[in-house]
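Here are the chains, one letter per residue:
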Amino acid sequence: MSTVERKSKNFHFQEMDWLISFPSTDNEGRKYLYYSVEFTNRKKKQGRAQIRLMEIVDSADFECFPHTVGYFKGAIEEKKNDSGFAYLEIRIIRSLEDFWKFLNDLNL
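Once a new chain begins, its residue numbering starts again from 1 and follows that chain's sequence as written. In keeping with the model being predicted, local features are shown solely for residues with a pLDDT of at least 70 and side-chain atom pairs are shown and tallied solely at 80 or more, while totals for entire chains, interfaces and linings include all residues. Only hydrogens and water are removed before side-chain values are computed, so all heavy atoms of the structure are retained for them.

Enquirer: Before we go on, may I ask you to explain the overall build of the protein chain in this structure?
Expert: Secondary structure elements follow DSSP: runs of H or I of four or more residues count as helices, runs of E of two or more count as strands, with numbering from the N terminus. The helix and strand tally for the protein chain stands at 3 helices and 6 strands. Listing every helix and strand of the protein chain by position from the N terminus yields α-β-β-β-β-α-β-β-α. Exposure is judged per residue with a 1.4 Å probe applied to protein chains only, and the accessible area is read against the type maximum: over 50% gives exposed, under 20% gives buried, and values in between give partly exposed. Relative to its 108 residues, the protein chain shows a buried fraction of 41%. Note on contacts: a residue pair qualifies if any of its non-hydrogen atoms lie within 4.5 Å across the two residues. Here the contacts in the protein chain between residues at least 6 apart in sequence split such that 53% fall between residues at least 24 apart.

Enquirer: What should I look at first to understand the sheet that holds strand β3 (residues 36–41) in this one?
Expert: Sheet strands pair by backbone hydrogen bonding; their relative direction is either parallel or antiparallel. Spatial strand order, β4-β3-β2-β1-β5-β6: 6 strands in an open sheet with antiparallel pairing. A strand with exactly one partner marks an edge of an open sheet, and here the two such strands are β4 (46–52) and β6 (89–93). Across this sheet, the average inter-strand angle for adjacent strands is 25 degrees, counted without regard to direction. Orientation is described by axes fitted as lines to C-alpha atoms, over the contacting stretch for helices, and by angles from 0 to 180 degrees between their N-to-C directions. The sheet strands contacting helix α3 (residues 96–105) are β1 (9–13), β2 (18–22), β5 (67–73) and β6, and the helix crosses β6 at an angle near 155 degrees. For two strands to count as paired, DSSP must find a minimum of two bridges between them.

By themselves these figures say nothing about function.
Laid out in structure tokens, this is it:
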């Protein structure tokens, strides 16, 4: 397990089975839209991709609210079930502003 994986902050969008991982470094001084994140679409069996957060929040799937989002720290398990996720918090996201608030509340 790499240092980045251990320190990453992760979000599981449960209905879509998306994982978004924010590394603990490399995003200093950037606005959220320009954050570099690792994205995995487990429902479509797509592996991890390094992309900008803007690409996720601008997608039609993301814009179909609400989303149940679980937050956890540490390495992302590649299992299909969620037994490996120890959520520290779960929120219902009803808008993009709710997602920004969630990120702010976690000091991302």
